Amino acid sequence: MSHTDKRIVVIGAGIVGIATAALLSEQGHAVTVIDCSGIAEETSKGNAAALAFSDIMPLASPKILLKAPRWLLDPLGPLSIRPSYLPRLAPWLWQFWKASQPGRLRTSIAAQTALMRLAETEMMALVERAGIGAMVRHDGSLELYESETEFNATAHGWKQRELAGIGFEHVRGGRLAELQPGLSPRFVAGTFVPGWKTVSEPQHFARALWTHAERHGAVFHKAEVRTLERSETGPAVRLTDGTAHEADRIVVCAGAWSTRLINPLTRLRIPLDTERGYNTTLPPGAFDLKRQLIFGNHGFVVTPLETGLRVGGAVELGGLDLPPNYARSKSMLAKAAEFLPGLKTSDGVEWMGFRPSMPDSLPVIGALPEDPSVLLAFGNGHLGLTQSAAMGRLITDLVGGRTPAIDIAACRPDRF
Ligand SMILES: Cc1cc2nc3c(=O)[nH]c(=O)nc-3n(C[C@H](O)[C@H](O)[C@H](O)COP(=O)(O)OP(=O)(O)OC[C@H]3O[C@@H](n4cnc5c(N)ncnc54)[C@H](O)[C@@H]3O)c2cc1C
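These numbers come from a predicted model, not from an experiment.

S.K.: Any chance you could explain the overall build of the chain here in plain terms?
M.R.: Looking only at helices and strands, the chain has 11 helices and 21 strands in total. Scaling as 2.2 N^0.38, a compact globule of 416 residues should have a C-alpha radius of gyration of about 22 Å, and the chain matches this with 21 Å. Taking the principal axes of its C-alpha atoms as reference, the chain extends roughly 65 × 45 × 40 Å. A buried classification covers 58% of the 416 residues belonging to the chain. A fraction of 76% describes how many contacts in the chain between residues 6 or more apart in sequence connect residues 24 or more apart. Summing over all exposed atoms, the chain offers an accessible surface of approximately 16800 Å²; the carbon and sulfur share of this is 56%. Positive and negative side-chain charges in the chain, numbering 43 and 41 respectively, have mean positions lying 3 Å apart.

S.K.: So what exactly am I meant to see when it comes to helix H10 (residues 327–339) here?
M.R.: Structural remark: α-helix, 3.6 residues per turn; residues separated by three or four positions point the same way. Taking 1.5 Å per residue, 13 residues should reach 18 Å; H10 reaches 18 Å between its end C-alpha atoms and fits that length. Along H10, the positions that sit buried rather than exposed are Arg328, Ser329, Ser331, Met332, Leu333, Lys335, Ala336 and Phe339.

S.K.: Sorry if this is basic, but what is going on with the packing of aromatic side chains here?
M.R.: How two aromatic rings sit relative to each other is set out by the distance from centre to centre and by the angle between their planes. With the rule as written, the count across this model stands at 12 aromatic pairs. The rings of Phe187, Phe295, Phe300 and Phe339 are connected pair by pair, giving a single aromatic cluster. A cation over a ring is seen here: Arg172 above Phe151, with NZ or CZ 5.2 Å from the ring centre.

S.K.: Sorry, what's going on with the site of the ligand here?
M.R.: Close to the ligand lie 34 residues, the nearest being Asp35, Thr43, Ser44, Gly381 and Thr386. Interatomic distance of 3.0 Å between a backbone N/O atom of Ala48 and a nitrogen atom of the ligand. The contact in question runs from a nitrogen atom of the ligand to an N or O atom on the backbone of Val225, over 2.9 Å. Out of a free accessible area of 1000 Å², the ligand has 96% covered by protein chains. When residues of the shell around the ligand are traced back to their parent elements, those giving at least two are helix H1 (15–26), strand E15 (273–282), strand E19 (349–357) and helix H11 (384–399). With four residues, the top contributor of residues to the shell around the ligand is E19. Along the lines of polarity and charge, the residues of the shell around the ligand split into 17 nonpolar, 13 polar and four charged.

S.K.: Explain a nonpolar patch on the surface here, please?
M.R.: Where nonpolar side chains cluster on the molecular surface, the patch consists of Leu65, Trp94 and Trp97 and spans about 320 Å² of accessible area. With respect to the helices and strands, the residue Leu65 is situated in helix H2 (residues 62–73).

Thresholds, definitions, all that
Per-chain numbering applies: the sequence of each chain, read as written, is numbered from 1 onward. Under the rules for a predicted model, residues below a pLDDT of 70 receive no local features and side-chain atom pairs below 80 are neither given nor counted, while totals for whole chains, interfaces and linings still include all residues. Side-chain numbers here rest on the full set of heavy atoms in the structure, without hydrogens or water. Only runs of H or I of at least four residues qualify as helices and only runs of E of at least two qualify as strands under DSSP, and these elements are numbered from the N terminus. When we talk radius of gyration, it's over C-alpha atoms, and the globule rule is simply 2.2 Å times the number of residues to the 0.38. Classification of residues uses two cut-offs on accessible area relative to the type maximum, computed with a 1.4 Å probe and protein chains only: under 20% is buried, over 50% is exposed, and between them is partly exposed. Note on contacts: a residue pair is in contact if any heavy atoms of the two residues lie within 4.5 Å. Each accessible area is a Shrake-Rupley result for a 1.4 Å probe, and residues are judged covered by the shown protein chains and nothing else. In this charge count, Lys and Arg are treated as positive and Asp and Glu as negative; neither His nor the chain ends contribute. The atoms used to mark charge sites are NZ of Lys, CZ of Arg, CG of Asp and CD of Glu. For a helix, the expected span equals 1.5 Å multiplied by the residue count minus one. The criterion for an aromatic pair is that two Phe, Tyr or Trp rings (for Trp, the six-membered ring) have centres within 6.5 Å, with stacked assigned to planes under 30 degrees apart, edge-to-face to planes over 60 apart and tilted to the rest. In this analysis the charged atom, NZ for Lys or CZ for Arg, is taken to sit over a ring once it is within 6 Å of the ring centre and within 35 degrees of the ring normal. Put simply, a residue is near a molecule or strand once any heavy atom of it comes within 4 Å of that molecule or strand. The term polar contact refers here to a pair of N or O atoms within 3.5 Å; inside protein, the definition further demands a hydrogen-donor-capable atom paired with an acceptor-capable atom, and it admits residues adjacent in sequence only when both atoms are side-chain atoms. Charged means Asp, Glu, Lys or Arg here, nonpolar means Ala, Val, Leu, Ile, Met, Phe, Trp, Tyr, Cys or Pro, and polar covers whatever is left, Gly included. A patch consists of residues whose relative accessible area exceeds 30% and which take part in no salt bridge; residues with like charges are grouped when within 9 Å of each other, and nonpolar side chains (Val, Leu, Ile, Met, Phe, Trp, Tyr) when within 5 Å. Within this document, salt bridges are pairs made up of a side-chain nitrogen of Lys or Arg and a carboxyl oxygen of Asp or Glu, the two lying within 4 Å of each other.

None of this, on its own, says anything about what the molecule does.
Pasting the structure below:
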């Protein structure tokens, strides 16, 4: 360590904490990552594997507000709210509504576009340095529509992507069948996004990145952080076994649990909540899937993985403590069997994960106002895998005292 390198504790070994630890340790900092569950054992374990760099449209939009009432009527549909959680969710929903208003939406799209550009550059460079290029598939994605009305309703989103320089191709007939043979004839059109990528398996990918961080000296400590503290020399984390770890900087990458850790320290009430998502992973050979398929109107995707085929998505607003409702995984699997005739649906493994979600779909990046040595890096919602290396880059810039690679004003912790 040189005199400018720092002792850094990263809380959380999800993909955001791992990528952050990788970039910090590459810069020569002494990094300890603390997690109570393990390396990518929570949300980053079972996601849909997409490096969705073209996904610049925030969830909060007039389009979702129009669709939401119909979706909410279906208890196993793409969007649901656990009734007992509604009172606690009200502030998040209010902010979601505000974020969907035209001015705020424009700001969010601009910020998300810049973040995604950085995400692609940083992720592909990190993958290269880690020597794990073979874990990234470059097959693109195919979004599917069941009617002209559904296709036409996506026009605004595609226009925004065109303005952002994102390549895509609307497809029909033979081209559609070529991109994915064996689809149900109910799909009349699709959009192919060639730049979309997927990883071979999210947990394998996260662990491979962790191995890279370890090669640069990062250390893992399995423990639960109870509180953040301030000692005479700097910040510290107090673990549930009573021991303390002092550091020059603490980076909070605890996903959907992050505000539980920081709320006792700050006047900010960051509206982080969780969009719970569900899926089923089928064994290899369940279907000859050519690339990730997106059923936007049904809120789920199907992804080819090296370990099989993953069917899932959905948003359930129900907080961190209520038990899972795996009827959701089953419902999406039943729909997938209709959409992909011949899909073998047996022997699947069901899973639920907690997306760390902000109402405006932008993450939180920056220092805690009360203590600049505590940095926050969480809230990537549906896009944490995609944006993880960008989060790492921005935190590394802040730790090094450099101007961040992109303007992060829209991601400030105190923006609400
Ligand atoms: C169904 C589904 C599909 C998805 N698909 C995609 C996709 O295709 N592409 C994409 O980019 N994103 C996708 N996402 C989102 C993505 O998975 C998340 O944004 C990402 O995993 C969040 O990573 P994270 O590191 O912030 O959080 P996590 O992976 O949840 O990690 C947080 C870690 O903090 C630890 N922790 C919390 N509190 C403490 C404490 N007090 N002490 C110690 N440790 C603590 C936890 O144990 C956990 O390991 C999907 C999510 C779901 C649910």
